[in-house]
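Understanding the architecture of this molecule
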Amino acid sequence: MVKRMSFRTIISLATYNEAENIAPLVHEIRRALPSAEILIIDDNSPDGTGRIADELVAELPGVHVLHRPGKLGLGTAVLTAMRYAIENGFDAIINMDADFSHPPRFLPQLVAGVEKQGYDVMIGSRYIKGGGIGGEQFNLKRKFMSTGINTYARFWLGLTSRDNSGSYRCYRTATLRGIPFDKIRSRGYSFMEEILYWCREAGATIGETPIIFENRRAGVSKINKMEAVHALRIIAELGVGKLLGLDYARVD
Ligand SMILES: Nc1nc2c(ncn2[C@@H]2O[C@H](COP(=O)(O)OP(=O)(O)OP(=O)(O)O)[C@@H](O)[C@H]2O)c(=O)[nH]1
Ligand SMILES: [Mg+2]
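Residues numbered from 1 in each chain as written. Chains lettered and ligands numbered in written order. Predicted model: local features only at pLDDT ≥ 70, side-chain atom pairs only at ≥ 80, totals over all residues. Heavy atoms only, no water.

1. What about the pairing of strand S4 (residues 92–97)?
A large share of S4 lies buried, amounting to five of its six residues. Two elements, strand S1 (residues 9–15) and S4, share six bridges in a ladder whose sense is parallel. Within the sheet, the bridge partner assigned to Leu13 lies in S4 and is Met96. (Buried < 20%, exposed > 50% of the residue type's maximum accessible area, 1.4 Å probe, protein only. Helix = DSSP H or I, 4+ residues; strand = E, 2+ residues; numbered from the N terminus. Pairing = 2+ DSSP bridges.)

2. With respect to the sheet that holds strand S5 (residues 121–125)
With mixed pairing, seven strands are arranged side by side in an open sheet as S3-S2-S1-S4-S7-S5-S8. Each edge of the open sheet carries a strand with a single partner, namely strand S3 (63–67) and strand S8 (206–210). Here the strands of the sheet are splayed against their neighbours by 20 degrees on average, with no regard to which way each runs. Looking at chain direction, S5 and strand S7 (residues 169–172) are connected through three bridges and run antiparallel. (Axes fitted to C-alpha atoms, helices over the stretch in contact; angles between N-to-C directions.)

3. Section: the packing of aromatic side chains
Scanning all chains against the criterion turns up three aromatic pairs. On the numbers, 5.2 Å between centres and 75 degrees between planes, the contact of Phe155 with Trp156 is edge-to-face. Residue Trp156 is classed as partly exposed on the basis of its relative accessible area, which comes to 25%. Centroid distance Tyr197 to Trp198: 5.2 Å. Interplanar angle 80 degrees. Geometry classified as edge-to-face. Among the residues examined, Tyr197 registers a relative accessible area of 7% and is labelled buried. Ring pairs connect the aromatic residues Tyr152, Phe155 and Trp156, which therefore count as one cluster. When the ring centre of Tyr16 is taken as origin, the NZ or CZ atom of Lys71, which lies over that ring, is 5.4 Å away. If you follow Arg217 out to its NZ or CZ, it ends over the ring of Phe100, 3.5 Å from the centre. (Phe/Tyr/Trp six-rings, centres within 6.5 Å; stacked < 30°, edge-to-face > 60°. Lys NZ or Arg CZ within 6 Å of the ring centre and 35° of its normal.)

In short, the description is geometric, and any link to function would need to be established separately.
Given below as structure tokens:
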């Protein structure tokens, strides 16, 4: 009889200037979900995050790193990680920010959503009962922006999940295999809404489990106004494209 392999999960961490966060985060992830492998996607961070990642790879089994030549955007980093998960036979991929905004203590519930509850995508959600935003410095402007973008994405893309902009999620790789990656338009932050849209198109079931989002522990934010405006445009274009039955190909 063929012995069934256990459920294999990989956790992807996109990094751009996370030198102070990456090592403690990887160790905390190991404690929270020891069976999972970890993939760091570093975009040649000027602060040396990539070098620290190499040290972690040498020190810990099941930790991997991909070095890209320069800052290519969070969306393409996650996509690269998804391809890696598919090519290397993982059953699920979890993505999380590398700045401690996504506490590792929620990892077991995210995996369980896919492995045990049978969802194709499990969202770590700030906007369902039990979820929320911790930390006193999380300002009102940002809260307002986050709520706004979620309502906007629900409207244009017909999403029914509550938290569509956060990136702390677990995806079943079998579902990702059915997604036309070459049609994904987002390079930056709108990837989070867009991938949910494509998962829905592929017939995926989407669940949400509560998480508490924390302020980044060290370093600075990488999102800028241009990226935010670009994200809004892509979401609207996707919505209009769906309405008109257009078959968008990747443009930018
Ligand atoms: N590889 C890669 N990682 C990125 C890129 N842009 C952002 N990241 C990473 O993506 C994650 C989310 O980015 P953040 O800058 O924290 O964005 P944010 O959460 O909106 O902003 P904060 O207020 O700082 O938390 C972090 O782990 C970043 O290091 C990129 O172009 N390439
Ligand atoms: Mg962050």
